Amino acid sequence: MPRHWVSRRWLLGREEARWEEKTLYRRYAAPGLGVLVVVLVLMPGICVAWHARGADATPTPWTYALFVNGDNDLERYWEEYSLPALLRIPASSGVKIVAVMDRMSTQGTELIEISGGTWQVVNTYPEMNFGDGATFSWFITEVSTLYPSTNLAVSAWDHGYAWRYFSNDQTSVDRITMPEMQSAIQTAGVYIDVLAFDCCNMASIEVVYQASLTNLVGILVGSEETIPMDGFPYDLMLTPVANDPARTPAQVAVDLVQGWAAYYDPISCYTTVNLAAIDVAMIGQNAAVLQAWCNAMYTNLGKYIRNYKTALGNAYCCYATYYTIDLADFGEALLADSKVTDATLRTATTNMVALVDSATLAVESGWMADSCRGVTLWWGVKSEWKTYSAAYAEVAFAVDMNWRTFLAAYNA
């Protein structure tokens, strides 16, 4: 499928394609169960070999590890887009690129090393549930043990839906929730310098705040919007650090956003794409600012409910998740309303917007999403609220910031 091909499924992105694309694409290939047994010619100049893998003794400056859940309708896009992009990254002695992958078409789990146009399955494991937080925790531990490095970037590759979940394993009928994500990272006990989501809608304040509670995540890179089937253009994103492994986590996170822009900006059909890099630690350290804003919103609900609704209508609302708004853009819309005069609410809103803007290290969007400022917020109403309000009670932001209390009163 060419990169410029457009259909409704293509524009909706990974999450919505789940509902429209019912055929499961299967890859009929050897599962790689042997040790130094098979060598396949994949394409000119690229071969695949299987062998056992032991831990590296000497840490490298960077490890970029992908948690690839292909145990669903996205499996074929790994071979079509993600793997070819990864193979275009220059070989680098200072950067290890590895992927742990679960496929729909085969049993078992593969550990894949990628370097300089070649890839190798170096370890195999039993079939795993990639929708289980315990598997995500094992993955973090495994890659940090086998590939020790000064800096670790982790990239989740699959479906995502903001605070509701990421990594939808259709075989196991399971997904990783926000409490599971937090527990997985804390159990692994490994600091993640950059946590990137090659998944839809994961640049949400709920996800960022939950990650901050681990004290083990530095920067989050994700999209407020849906991710096209192409996914991350890994070559454009990671070539800078491959050429200069001394790059800092902040520089690498910004590289990811800029590489994304270099790929998607020239393609006119991608009008609502978005990617942002968020300073997780800054959000966590300034959680009181968010709580003060949520409390001020709740206190003034009876007085300004009509103004809230007007601001909602003027704020950016995500293309395929209609109850998810850009947090800072909503704040600006509320501040623009001259009838909102409460000093506490205005100060809290101003501080909230300033925090989001300060924590957003980089953001790039298509022209229809140019109001995106970094992170979204769930504002569920009507049937959306009835359907997901119970699940939202398990999300730390909803409880700690009293935002669920606000939404319950708003929907009463």
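Notes on the structure in this doc start here. (Residues numbered from 1 in each chain as written. Predicted model: local features only at pLDDT ≥ 70, side-chain atom pairs only at ≥ 80, totals over all residues. Heavy atoms only, no water.)

Section: the overall build of the protein chain
Moving on, step 1. The secondary structure content of the protein chain amounts to 16 helices and 15 strands.
Moving on, step 2. Buried positions account for 60% of the 412 residues belonging to the protein chain.
Moving on, step 3. Counted over contacts in the protein chain with a minimum sequence separation of 6, partners at least 24 positions apart contribute 76%.
Moving on, step 4. Counting only carbon and sulfur atoms, one obtains 55% of the accessible surface of the protein chain, whose full area is about 15,400 Å². (Helix = DSSP H or I, 4+ residues; strand = E, 2+ residues; numbered from the N terminus. Buried < 20%, exposed > 50% of the residue type's maximum accessible area, 1.4 Å probe, protein only. Contact = heavy atoms within 4.5 Å. Areas by Shrake-Rupley, 256 points an atom, 1.4 Å probe, with all protein chains shown as cover.)

A short note on the pairing of strand β11 (residues 217-222)
Moving on, step 1. Counting buried positions over the six residues of β11 gives six, a clear majority of the element.
Moving on, step 2. Pairing analysis gives four bridges linking strand β10 (residues 192-198) to β11, with the strands arranged parallel. Pairing of L195 across the sheet is with L220, part of β11.
Moving on, step 3. Taking the sense of rotation as the criterion, the β-α-β connection linking β10, helix α6 (residues 205-212) and β11 turns out right-handed.
Moving on, step 4. As paired strands, β11 and strand β12 (residues 274-279) are joined by four bridges and run antiparallel to one another. When the bridges of β12 are listed, L220 appears paired with I278. (Pairing = 2+ DSSP bridges. Right-handed = clockwise from strand over helix to strand, strands pointing away.)

Brief notes about the sheet that holds strand β5 (residues 109-115)
Moving on, step 1. The strand order across the open sheet formed by nine strands is β6-β5-β4-β3-β7-β10-β11-β12-β14, and the pairing between neighbours is mixed. Bordering the open sheet on either side are β6 (118-125) and β14 (360-365), each of which pairs with just one other strand. Across the sheet, the mean angle from the axis of one strand to that of its neighbour is 15°, orientation sign disregarded.
Moving on, step 2. Bridge count between β5 and β6: seven bridges; the pairing is antiparallel. Paired with S115 across the two strands is T118, which belongs to β6. (Axes fitted to C-alpha atoms, helices over the stretch in contact; angles between N-to-C directions.)

Details of the packing of helix α11 (residues 301-314) against helix α12 (residues 327-335)
Moving on, step 1. Here α11 crosses α12 at 125°, and the two axes come no closer than 8 Å. Taken as axis vectors, α11 and α12 run oblique relative to one another. As α11 runs across α12, the sense of the crossing is right-handed. Residues N307, Y308, A311, L312 and N314 of α11 lie in contact with α12, whose contacting residues are D329, F330, A333 and L334. (Parallel < 35°, antiparallel > 145°, perpendicular 65-115°, else oblique. Left-handed = near helix turned anticlockwise from the far one by under 90°.)

Overview of the nonpolar core
Moving on, step 1. F136, W379, F397 and W403 are the most contacted members of the largest nonpolar core, which has 87 residues in total.
Moving on, step 2. Formed by 51 residues, the second largest nonpolar core is a distinct cluster that contains A85, A99, I114 and W157. (Core = buried A, V, L, I, M, F, W, Y, C linked by side-chain atoms within 4.5 Å.)

Side note on the packing of aromatic side chains
Moving on, step 1. Tallied over the full model, the rule gives 32 aromatic pairs.
Moving on, step 2. With a centroid separation of 4.9 Å and an interplanar angle of 80°, the aromatic rings of Y125 and W138 are classed as edge-to-face. On the criterion of sequence distance, the pair formed by Y125 in strand β6 and W138 in helix α4 (residues 133-146) is long-range, its members being 13 residues apart.
Moving on, step 3. Between Y263 and Y264 the ring centres are 4.7 Å apart and the planes differ by 85°, which places this aromatic pair in the edge-to-face class. The same class applies to Y263 and to Y264, which are both buried.
Moving on, step 4. A cation over a ring is seen here: R164 above Y388, with NZ or CZ 3.6 Å from the ring centre. (Phe/Tyr/Trp six-rings, centres within 6.5 Å; stacked < 30°, edge-to-face > 60°. Lys NZ or Arg CZ within 6 Å of the ring centre and 35° of its normal.)

What to know about the pattern of salt bridges
Moving on, step 1. As enumerated under the stated definition, the model contains nine salt bridges in all.
Moving on, step 2. The closest approach of N and O atoms between D255 and R247, which form a salt bridge, is 2.6 Å. Neither D255 nor R247 differs from the other in exposure class; each is buried.
Moving on, step 3. Overlapping salt bridges, with partners in common, bring together E75, E79, R103 and E110 in one network. (Salt bridge = Lys/Arg side-chain N within 4 Å of Asp/Glu carboxyl O.)

Some words on the side chain of E225
Moving on, step 1. Here E225 is to be found in the loop between β11 and α7 (234-243).
Moving on, step 2. Looking at E225, the relative accessible area reads 0%, which means it is buried.

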